Amino acid sequence: MSIQNRDNLRKRTGGTVNSDATSPSDPVINAVAPKKVNDSSSTDYKSGTNWVHAGGIEANPYLFVLVVLSPFLSLLLAYATGGDIINNDWRVTHPLTEMLPACTSDVSACISNTLSAGMSVVPTMEGAKFVLTFMAVALVLERFLPGKIEVGPETATGHVPRYVDNGVAHCFVYSVLFFLGSNLGPCGDSSEQLLPALGDAFEKVGVCEYYTPYNFGIMYDAFESSLSFLNIFGIFLCMFLTYKGLCFPSTQDSGSSGSWVKDYLWGTELYPRVFGLDLKRFINCRFSMTYWQLAGFSFCYRSYVLHGNVMDWGLFFSALSQYLYLVKFFFWEMGYMRSIDIIVDRAGYEIQWGCLVWVPAVYTFHSRFLVQHPSGLSYGVALSLFVLSMAGVALNYAAGRERD
């Protein structure tokens, strides 16, 4: 262990570091318990509750309101980019010049219409099936794709998280599977297949007799219902994580902050695992980042079909830059596993619900919006913006490497 790392550990724990430790799996800290803060919200602190401090949301009512409203806001964003909004007078293409004045002119009707719009986004069996299948494929790849064993930073209690570094393999294998299973793959209609030769090969072995492909635009078609299901799933998952961290944590980096509200929002456990599955990596990376990565092209295909097989180059290059940005993420995934999201933020509502719901709802908003409202950009302009975006991705990767 380097001198700098030992100094950092001293700062975090107030303890001393055993510099003779040679194995990353062996505890190397002789740490004293974190000092208790003389605050009513920290009376339940125990040794091992590192990274959690008294106060927070109890002193910030605005954050509390945001957390309460965020599930509804995510549903509202889903509605605003869906097909039904075209038939309603929402003026989403001119939010400041038309939508806001119309709302202020009749506040009661605006509130009523907003509540009705958000509540119209409800879960369906199709949405639940898509989400659970998406997660199931990610789980299979997480379990069986090989990779080098990497470790994260040691915690104040001596825990060293271990990971199979298979993120890049997951990224490309999942992309290929998503394509192969769709109507653009070998089991789709011959007029839609992108690789007819591959379709002929599959037909010869009879694979497609037992499989019905889904539409490549499924992520747009099922978006509203799947996001509503994810909202419910995410809230109950965070309840489970709160209980798990208090009653049967996976490591000693757990415990209560003394506030049930903060325990639910911030989390009660740093590295929760269920049947050996690292829940933070699975939700943050294997589900959330993969969903974000594939959504752009799925939305682009839906736009292409919706507008009479006309390509929106602005949306296409946006989807491509989005995809490549996430390829960059998976190359840097081990750096992410050593970042604040993982080594500081506990597995609570703020990060787990955020990755399950907020990332799909907000991070894909621009590309979903363009499905119903094409950008109108020419190929040359869209390509120029794409090149500029790639420069940003390169700089982002360079900054990430400096953090490692």
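Residues numbered from 1 in each chain as written. Predicted model: local features only at pLDDT ≥ 70, side-chain atom pairs only at ≥ 80, totals over all residues. Heavy atoms only, no water.

1. Quick word on the packing of helix H11 (residues 279-306) against helix H16 (residues 365-372)
Their axes nearest at 8 Å, the elements H11 and H16 cross at an angle of 10°. In terms of their interaxial angle, H11 and H16 are classed as roughly parallel. Touching Phe299, Arg302, Ser303 and Leu306 of H11 are Ser367, Arg368, Leu370, Val371 and Gln372, all from H16. Residue composition of the contact of H11 with H16, by class: 4 nonpolar, 3 polar and 2 charged. (Axes fitted to C-alpha atoms, helices over the stretch in contact; angles between N-to-C directions. Helix = DSSP H or I, 4+ residues; strand = E, 2+ residues; numbered from the N terminus. Parallel < 35°, antiparallel > 145°, perpendicular 65-115°, else oblique. Contact = heavy atoms within 4.5 Å. Nonpolar A, V, L, I, M, F, W, Y, C, P; charged D, E, K, R; others polar.)

2. So, the state of the cysteines
Under the definition given, this model contains 2 disulfides. Across a sulfur-sulfur distance of 1.7 Å, Cys103 and Cys110 are joined as a disulfide pair. Its torsion about the S-S bond being -80°, the disulfide of Cys103 and Cys110 is classed as left-handed. On the basis of relative accessibility, which here comes to 18%, the residue Cys110 falls in the buried class. (Disulfide = S-S within 2.5 Å. Buried < 20%, exposed > 50% of the residue type's maximum accessible area, 1.4 Å probe, protein only.)

3. Concerning the nonpolar core
Counting residues in hydrophobic clusters, the biggest one holds 69 residues, and the most contacted among them are Phe134, Met219, Tyr291, Phe329 and Leu356. Broken down by element, the residue count for this core peaks at 13 residues, all from H11. Excluding residues within four positions of it along the chain, Tyr291 makes contact with Phe130, Phe134, Met219, Phe223, Ser226 and Pro360. Within the second largest apolar cluster, 5 residues are counted, among which are Leu75, Leu76, Tyr79 and Val121. (Core = buried A, V, L, I, M, F, W, Y, C linked by side-chain atoms within 4.5 Å.)

4. What about helix H15 (residues 349-363)?
With 15 residues, H15 should reach 21 Å at 1.5 Å per residue; the first-to-last C-alpha distance of 18 Å falls well below that figure. Remark: the principal bend of H15, roughly 50°, maps to Cys355. Within H15, the full set of buried residues consists of Tyr349, Ile351, Gln352, Trp353, Gly354, Cys355, Leu356, Val357, Val359, Pro360 and Ala361. (Expected span 1.5 Å × (residues − 1). Bend = angle between axes of the 7 residues up to and from the residue.)

5. Quick look at the environment of Gly83
Relative to the helices and strands, Gly83 is located in the loop between helix H2 (61-80) and helix H3 (95-105). Owing to a relative accessible area of 34%, Gly83 belongs among the partly exposed residues under this scheme. Beyond its immediate sequence surroundings of up to four residues, Gly83 is in contact with Tyr220, Glu224 and Gln372.

6. Concerning H11
Taking 1.5 Å per residue as the helical rise, H11 with its 28 residues ought to reach 40 Å, and the 37 Å between its terminal C-alpha atoms agrees with that figure. When the local axis directions of H11 are compared, the greatest deviation, roughly 30°, occurs at Ala295. When you tally the buried positions in H11, you get 24 out of 28 residues, the bulk of the element. If you check the start of H11, you find a side-chain oxygen 3.1 Å away from the backbone N of Lys280, and it comes from Asp278. Residue Gly308 follows H11 closely and has a positive phi angle near 70°. (Polar contact = N/O pair within 3.5 Å; in protein donor to acceptor, adjacent residues only side chain to side chain.)

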